[in-house]
Amino acid sequence: MSDASDLDPIALEITWNGLKSIADECFLTIMRSAFSTNIKERHDHSTAIADAQGRLIVQAERALPIHLASMSGLMTHILEIFGDAIAPGDIFIGNDPHVAGGTHLPDINLAAPVFDGDRLIGFVANIVHHADVGGAAVGSMSGGLDEIYKEGLRIPLVRLYRGGELQDDILRLLLLNMRLPDERKGDLYAQIAAIRLGCKRLDEVLTRIGPDVLTQTFSEIVSRTHNRMQAAISRLPDGQYSFEDVMDDDGAGTENIRIALTIRKKGSRIIFDFNGTADQVLGNFNQTLNATQSAVCYALKALLDPNVPNNQGIFDAIDIDAPVGSLVNCVAPASVALRANTCQRVVDTVIGALADALPDQVVAAANGANTSAVFEGTDPRTGGKYVYFETLGGGMGARAARDGKDGVQVHITNTSNLPVEAIEQEYPLRVEEYALVEDSGGAGQHRGGMGIRRTIRPINHNCEFNGVGERFTNPPWGLFGGFPGEPGSFKLKNDDGRTTSLPPKASRVKLTPQDAAIIITPGAGGYGSPGDRSPEDLDEDKRSGKFTEAYFRRHYTKAD
């Protein structure tokens, strides 16, 4: 096949699935080649293919929704900054949310062009969350960092490879500013390997079907996705829908930070209006517009057509009005490291606004957080530094027909909880408890999912703990009579059994082998009145051991 006129539905489907398989193979390449547990175990990375205009065409099946607009933003900046100077063999790198299309500094983007002779055909891109990129705090993710300069190394868009040659001075500059440079180098090389593989695979497709057919396929994929998304939007009743929610605090003194949303829908057009949302804050919970775009696109897709592909067609079907300088459209030098928590709240806000219009599709508020834990110290086995970083799941909101899931990553963060075996093998830490939090799921006709409790102790050394939690003071709400889920918390346990409460943004907590950090993630809201819960479900609740008798007495009047 070599002529665009030869494109037919079967050829389109074959090529489309071929492109998806390239993105998926690149995803697996990173997962199997990376050094850090955050990638090889938790899979905190994404891969994608874009066309010559920078439009996102396909994203890997297991990629993270929060990365959707970030990689699209990377493409836009590459074209704007480098334009005709883009050449075969180039690999671009960047992470800055204000000048390089990123969403926070630990997410490092790489992209490489694919050419047919002198003609730019598209890009292969990936994004990896690195466990540390320098800055004032270990893990580059602590609460309370009040400007982006403190959050880590800011990388504008630069060439890491020029014409196929590694720019060693650039790499040395990056690694010098990061803790654990060997681990960072290993993860970067995994990204580079995936980029090269993706370029090779895309070039094979290009050789097989020709540039005209491939570029037409790109456009057809975007067009069909756009049309499908518009059709889904058209089925939503016309009208105006509003909702408000709050972030607990920014770790720098601002509490109950408002996110206000009005959705206006008419025909196939939909506008998400965030006027009334709080101004950007001093702490690092701000997010750039592309992060807001990712959250909105994910939420609408999940509600209207979960199987619609992730690409530019979704962006083109949705309009967003977010005031410049607000929490959801911040400007430099706003700090953004913990923007995933704000993204989760934006998702909850979209769902809350559309609950009455789509009662069978919505879910109650999930744990609404990216509860993060960072342990840093010197490994007594090797004498080398270590950084253990993880974001932990919690409860998923209950739905119209079933209970919420327990102890999972929700919505925009499609990652895994790190296995106990991986933690204890990689780090000088002991996981003393890994359990669901009893009574944490909100009661209802269908109950909310349950939070997680991890208790972690350093072995034969002192270390430092940093934790960031949300939904710790404002619990996840229920829907249609469902009760809220339980909030999360951080605690410090001593050998004598005493526990001390830590703040939701716990920074630089010193731990000895006589101390253990307890991380408790939020549950999720219930759906429907508890009085309507079936006797069979109540019997299962009692047999599960997940709930106390006090919980049943408090919420279920039909309980024995």
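Being a predicted model, the structure only gives us computed values, none of them experimental. (Residues numbered from 1 in each chain as written. Predicted model: local features only at pLDDT ≥ 70, side-chain atom pairs only at ≥ 80, totals over all residues. Heavy atoms only, no water.)

A. Looking closely at the overall build of the protein. Secondary structure summary: the protein contains 12 helices and 20 strands in total. Compactness check: the protein gives a C-alpha radius of gyration of 24 Å against a globular reference of 24 Å for 560 residues, within 12% of the reference. Counting the 560 residues in the protein, one finds 61% classified as buried. Summarising the internal contacts of the protein: among those between residues at least 6 apart in sequence, 72% fall at separations of at least 24. Of the roughly 20,300 Å² that the protein leaves accessible, carbon and sulfur atoms contribute 48%. Counting 54 positive and 73 negative side-chain charges, the protein places the averaged centre of each group 2 Å from the other. (Helix = DSSP H or I, 4+ residues; strand = E, 2+ residues; numbered from the N terminus. Rg over C-alpha atoms; globule rule 2.2 N^0.38 Å. Buried < 20%, exposed > 50% of the residue type's maximum accessible area, 1.4 Å probe, protein only. Contact = heavy atoms within 4.5 Å. Areas by Shrake-Rupley, 256 points an atom, 1.4 Å probe, with all protein chains shown as cover. Lys, Arg positive; Asp, Glu negative; His and termini not counted. Charge placed at Lys NZ, Arg CZ, Asp CG, Glu CD.)

B. Expanded view of the nonpolar core. Core analysis: the biggest nonpolar cluster contains 87 residues, and Ile78, Ile263, Phe272, Phe274, Leu300, Val350 and Leu354 have the highest contact counts within it. The leading source of residues in this core is helix α7 (residues 289-304), at nine residues. Residues in contact with Phe274, not counting those within four places in the same chain, are Ile259, Ala260, Leu261, Thr292, Val296, Ile320, Asp321, Ala322, Pro323, Val328 and Val346. Counting 55 residues, the second largest nonpolar core, distinct from the first, contains Ile49, Ala112, Tyr161 and Ile221. (Core = buried A, V, L, I, M, F, W, Y, C linked by side-chain atoms within 4.5 Å.)

C. Spotlight on the pattern of salt bridges. Scanning the model with the defined rule gives 42 salt bridges in all. Linking Asp146 and Lys150 is a salt bridge whose minimum nitrogen-to-oxygen distance equals 2.8 Å. Residue Asp541 is joined to Arg533 by a salt bridge in which the shortest nitrogen-to-oxygen separation is 2.8 Å. You'll find Asp541 and Arg533 in the same group, each marked buried. When salt bridges that share partners are traced, they join Asp403, Asp406, Arg447, Arg533, Asp541 and Lys546 into one network. (Salt bridge = Lys/Arg side-chain N within 4 Å of Asp/Glu carboxyl O.)

D. Molecular detail of the environment of Asn284. Here Asn284 shows up in the loop between β10 (269-273) and α7. On the basis of relative accessibility, which here comes to 0%, the residue Asn284 falls in the buried class. With 43 residues separating them along the chain, Asn284 and Leu327 place their C-alpha atoms 10.0 Å apart. Setting aside anything within four residues of it in sequence, one finds Asn284 in contact with Ser142, Gly143, Gly144, Leu145, Glu151, Asp250, Ser335, Val336, Ala337, Leu338 and Arg339.

E. Spotlight on the layout of surface pockets. Taken as a whole, the largest pocket spans an internal volume of roughly 1,100 Å³. Surrounding the largest pocket, 34 residues form its lining, Tyr298, Lys301, Ala302, Pro306 and Asn307 being those nearest its centre. Secondary structure elements with two or more residues in the lining of the largest pocket: α1 (9-33), β2 (56-59) and α7. By residue number, the principal contributor to the lining of the largest pocket is α7, which donates six residues. Each residue belonging to the lining of the largest pocket can be placed in one class, and the counts come to 19 nonpolar, seven polar and eight charged. Within this model, the second largest pocket holds a volume of roughly 270 Å³. Lining the second largest pocket are 16 residues, and of these Gly73, Thr76, His77, Gly101 and Asn290 lie nearest its centre. Every element with two or more residues in the lining of the second largest pocket is listed here: α3 (68-82) and α7. Looking at which element gives the most residues to the lining of the second largest pocket, the answer is α3, with five residues. (1 Å grid on protein atoms, 1.4 Å probe; cavity = no way out; pocket = protein on both sides within 12 Å on 5 of 7 lines; lining within 4 Å. Points joined across faces, edges and corners; volume = space filled by probe spheres on them. Nonpolar A, V, L, I, M, F, W, Y, C, P; charged D, E, K, R; others polar.)

F. Quick look at the packing of aromatic side chains. Counted by the stated rule, this structure contains 14 aromatic pairs. Taken together, a centroid distance of 5.8 Å and an interplanar angle of 80° make the contact between Phe465 and Phe490 edge-to-face. A residue pair is termed long-range when its members are at least 10 positions apart, and Phe465 in strand β16 (residues 463-468) and Phe490 in strand β17 (residues 489-494) qualify at 25 residues. We note that Phe465, like Phe490, is buried. Through successive ring pairs, a cluster of aromatic residues spans Phe375, Tyr386, Tyr388, Tyr427, Phe465, Phe472 and Phe490. The lysine or arginine in question, Lys542, covers the ring of Phe552, its NZ or CZ lying 5.7 Å from the ring centre. (Phe/Tyr/Trp six-rings, centres within 6.5 Å; stacked < 30°, edge-to-face > 60°. Lys NZ or Arg CZ within 6 Å of the ring centre and 35° of its normal.)

G. Region of the structure containing helix α6 (residues 211-235). Between its first and last C-alpha, α6 extends 37 Å over 25 residues, near the 36 Å set by a 1.5 Å rise per residue. Among the residues of α6, Pro211, Val213, Leu214, Thr217, Phe218, Ile221, Val222, Thr225, His226, Met229, Ala232 and Ile233 are the ones counted as buried. (Expected span 1.5 Å × (residues − 1).)

H. Broad picture of the sheet that holds strand β13 (residues 385-392). Ordered in space as β13-β12-β16-β19, the four strands form an open sheet in which the pairing is antiparallel. The strands lining the two open edges of the sheet, one partner per strand, are β13 and β19 (505-511). Averaged over all pairs of adjacent strands, the angle between their axes in this sheet comes to 15°, without regard to strand direction. Sheet analysis places strand β12 (residues 371-378) next to β16, joined by six bridges and oriented antiparallel. (Pairing = 2+ DSSP bridges. Axes fitted to C-alpha atoms, helices over the stretch in contact; angles between N-to-C directions.)

I. Quick look at the pairing of strand β4 (residues 107-116). Among the 10 residues that make up β4, nine are buried, leaving the element largely enclosed by the rest of the structure. Where strand β3 (residues 91-94) meets β4, three bridges bridge the pair, whose relative direction is antiparallel. Residue pairing in the sheet places Gly94 in a bridge with Asn109 of β4. Alignment of β4 against strand β5 (residues 119-129), held across 10 bridges, turns out to be antiparallel. Residue pairing across strands places Asp107 opposite His129, the latter belonging to β5. Between β4 and β5, which pair antiparallel in sequence order, lie two residues; one of them, Gly117, sits at a positive phi of approximately 65°.

Geometric descriptors of this kind do not, in isolation, establish any biological role.
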